[in-house]
Amino acid sequence: MIRLFNTLSGQIEPLSPADGSTFRMYACGPTVYDYGHIGNFRTFCHVDVLRRTLLLEGLNVRHVMNITDVDDKIIRNAAQAGLPISQYTQKYERAFFEDLDALTVARPEIIARATEHIPFMVSLIQRLAAQDIAYQTEDGSWYFRISRFPAYGKLSKKDLTGITDGARVDVDEYEKDSARDFALWKAPKPGEHFWQTELGPGRPGWHIECSAMAMEYLGESIDLHAGGEDLMFPHHENEIAQSECATHKPFARHWFHVRFLLVEGRKMSKSEGNFFTLRDLLLKGYKASAIRMLLISVPYRQQLNFTFEGLAAETAAVERLRAFHQRILAAPRAAETNFELLAETEECRIAFRTGLENDLNTAEARAAIFELVRAGNAATDSGTLSQENAAAILDALREFDSVFAVLEDRDAAITKFALDWAEHEGRLDQAAPEVLAQRGLTDDQIQSLVDERTQAKRARNFARADQIRNDLAAKGILLEDSKDGVRWRRK
Ligand code: AMP
Ligand code: ZN
C-alpha cells in the first residue's frame, strides 16, 4: 500500500482507487511553446515514478496528461514566426515526447490536446453560466466569480479574506496572493486566432482546459491530480473551483505536487534564464540515464539543487548499477546457495518497496539497491554466488528498474539523436568536442566551422578561433592559413 502526502489535507494518506479497480490520475502537461527545461522534466519524471510505483503495486492505472497547445505565449510566438498555431506547436510537442522517451518516462494512457477539446470546455463554462458563476464582460470574455466558491484557497491554504467581488485578472499566471475572478474564455484581440462557439468567439483560459479534459476522460471525481509546486496556486485552485461548482462533487481526492529543481537556490525557469534543456546537457556529453537518475533520486517533496558535480556523481551511479547487473548475469555460479546473501537480497528488496511506499521516498529506495550492489559484489568476489542467489538478485534489480528505468543502456543512441537534431537546427557548435567526435563531420560542417573561425579572428575573438582550431584538430582536421584564406584537410 502506497502512502503519499496529499497537499489538500496536508497529511500522508494511503492511496487507492475510489472505484476499487482503476486508479484515475491526471497530470498537467507541458505548454508547447518551446523546448522544456530539466526542471519541467523533474516534475514529469516524478509523476512517472508515481505511475510506475502504482503499477508495481499491482494497480490498474488510467493516467491522462494534457498538452497546452494554445495560450498567450503560443499565440504571440506563432504570430512572430508567421505560422498557424498548430504548426508552431507541432515542433515542440514532438520534441517534448522525444525528451520524455530519452528520459524513459512512460506514456500516459491518454494524451489530450487542448485545441481538440474546445467543445468540452465550452459546455463546462455553460454549466457555470447557468448558475451565474460564469459571467460575460463587455469585450465578450467570460470570467469565474470567485466569491461564489467559499472554499476557494483550500488547496494552497491562502488566506483569501477580503477578495474583491468582481475584481478580474485575465492572464493565466497572475501574481501570488491575488485571488481575483479569472478568465474562463478569452475574447480575441484583433488578429488573434479564435474559435467560434456558443460562448462567442474566443479561446479557452488555461485553467478550464484541465478541468474539462480531466472530467471528460476520468469522470467528475478523480483519484489524483498532479503537477509542479508552482501550479498549486492559482492553476489547481482554479481547477477545483470550476469543477466543484459545476458538479457539486469533490474534484480530486488527492493532490500531488513535485517541488522545484533549483539552480543556485532559485527555481529553474525560462524567465530567469537559468535553465538547461535536456538537449543542452546531452550536447555537453551528459547521459540521459544520469539526468533521469539525478532528477528522481531526491524525493519529490524536497527541492533539488542542480549541479554538474551532482550529475557526474549520478553518471557514476548508473555505471555502477549497470556493471553490477552485467556482473551478476555473467559471474560463475557456486554450487551451494549463500543463505546469508539470499536473506540480504530479500531485505534489500523489501527496503526498496518500503521506501517507495513511504511517500515515494526514492532516496531510501535507491539506498536499498546500492546496499544490494555491495552485498552482491562481496559474494561474487568470494565466489559464493549460486544460481539461486543470482536469480534473486536479478529479480530485485528488475523490480528496481521497473521504477528507476536506468539499466538498459540507450545512452549512445540518445546522444546521437541529439547530435542529429543539433545538426538539423544548426546548433552543432553547442556540442562539446568529445561529443562531436562521436560522429564524423561532413565537409559542409567543417567549412562552416572554418568560416566561423575566420570571423572570430576578424572580430579579434582569438579564444573562440583557437578553440575551433583545437576542436577540429582533435577530430583529425588540420587548418592551413594562407594568403588566399584558410584551407583544411583531413589528417
Ligand atoms: P509548463 O510547460 O511551464 O506548463 O510546465 C510543465 C510542468 O513543469 C509543470 O508541472 C510545472 O509545474 C513544472 N515545472 C516548471 N518549472 C519547474 C522546476 N524548476 N522544477 C520542477 N518542476 C517545474
Ligand atoms: Zn493543468
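Up top is the structure these notes are about.
Residues numbered from 1 in each chain as written. Chains lettered and ligands numbered in written order. Predicted model: local features only at pLDDT ≥ 70, side-chain atom pairs only at ≥ 80, totals over all residues. Heavy atoms only, no water.

Glancing now at the pattern of salt bridges. Scanning the model with the defined rule gives 41 salt bridges in all. Glutamate 344 is paired through a salt bridge with arginine 374; the nearest N and O atoms lie 3.3 Å apart. Placement of glutamate 344 in helix 10 (residues 339-357) and of arginine 374 in helix 11 (residues 362-381) is noted, with a sequence separation of 30 residues between them. Accessibility expressed as a relative area gives 25% for glutamate 344, which makes it partly exposed. With a closest N to O distance of 3.9 Å, glutamate 357 and arginine 353 form a salt bridge. (Salt bridge = Lys/Arg side-chain N within 4 Å of Asp/Glu carboxyl O. Helix = DSSP H or I, 4+ residues; strand = E, 2+ residues; numbered from the N terminus. Buried < 20%, exposed > 50% of the residue type's maximum accessible area, 1.4 Å probe, protein only.)

Here we take up the sheet that holds strand 3 (residues 22-27). Ordered by their spatial adjacency, 5 strands build an open sheet running 5-4-3-12-13, and the pairing between neighbours is parallel. The sheet terminates laterally at strand 5 (110-113) and strand 13 (252-258), the two strands that pair on one side only. Ignoring strand direction, the axes of neighbouring strands in this sheet form an average angle of 20°. Pairing analysis gives 4 bridges linking strand 4 (residues 60-67) to strand 5, with the strands arranged parallel. The residue bridging methionine 65 from the neighbouring strand is isoleucine 111, located in strand 5. (Pairing = 2+ DSSP bridges. Axes fitted to C-alpha atoms, helices over the stretch in contact; angles between N-to-C directions.)

Moving on: the site of ligand 1. Around ligand 1 there are 16 residues in total, and Gly39, Thr43, Asp230, Leu261 and Met268 lie nearest to it. Between glycine 228 and ligand 1, the recorded distance is 3.0 Å, taken from a backbone N or O atom to an oxygen atom. Take leucine 261: an N or O atom from its main chain is 2.8 Å from a nitrogen atom of ligand 1. Coverage of ligand 1 by the protein chains reaches 90% of its 490 Å² of free accessible surface. Residues belonging to the shell around ligand 1 are distributed by class as follows: 6 nonpolar, 7 polar and 3 charged. (Near = heavy atom within 4 Å. Polar contact = N/O pair within 3.5 Å; in protein donor to acceptor, adjacent residues only side chain to side chain. Areas by Shrake-Rupley, 256 points an atom, 1.4 Å probe, with all protein chains shown as cover. Nonpolar A, V, L, I, M, F, W, Y, C, P; charged D, E, K, R; others polar.)

Position of phenylalanine 370 among the secondary structure elements: in helix 11. Each C-alpha atom, one on phenylalanine 370 and one on aspartate 101, is 25 Å from the other, the two residues being 269 residues apart in sequence. Apart from residues no more than four positions distant in its own chain, phenylalanine 370 is found in contact with Met293, Ala317, Arg320 and Leu321. (Contact = heavy atoms within 4.5 Å.)

Across the sheet, 3 strands lie side by side as 15-14-16; this open sheet has mixed pairing. Looking along the sheet, the strands with just one partner apiece sit at the ends: strand 15 (266-267) and strand 16 (304-305). Here strand 14 (residues 261-263) pairs with strand 15 via 2 bridges, running antiparallel. From the neighbouring strand, valine 263 faces strand 15, where its bridge partner is arginine 266.

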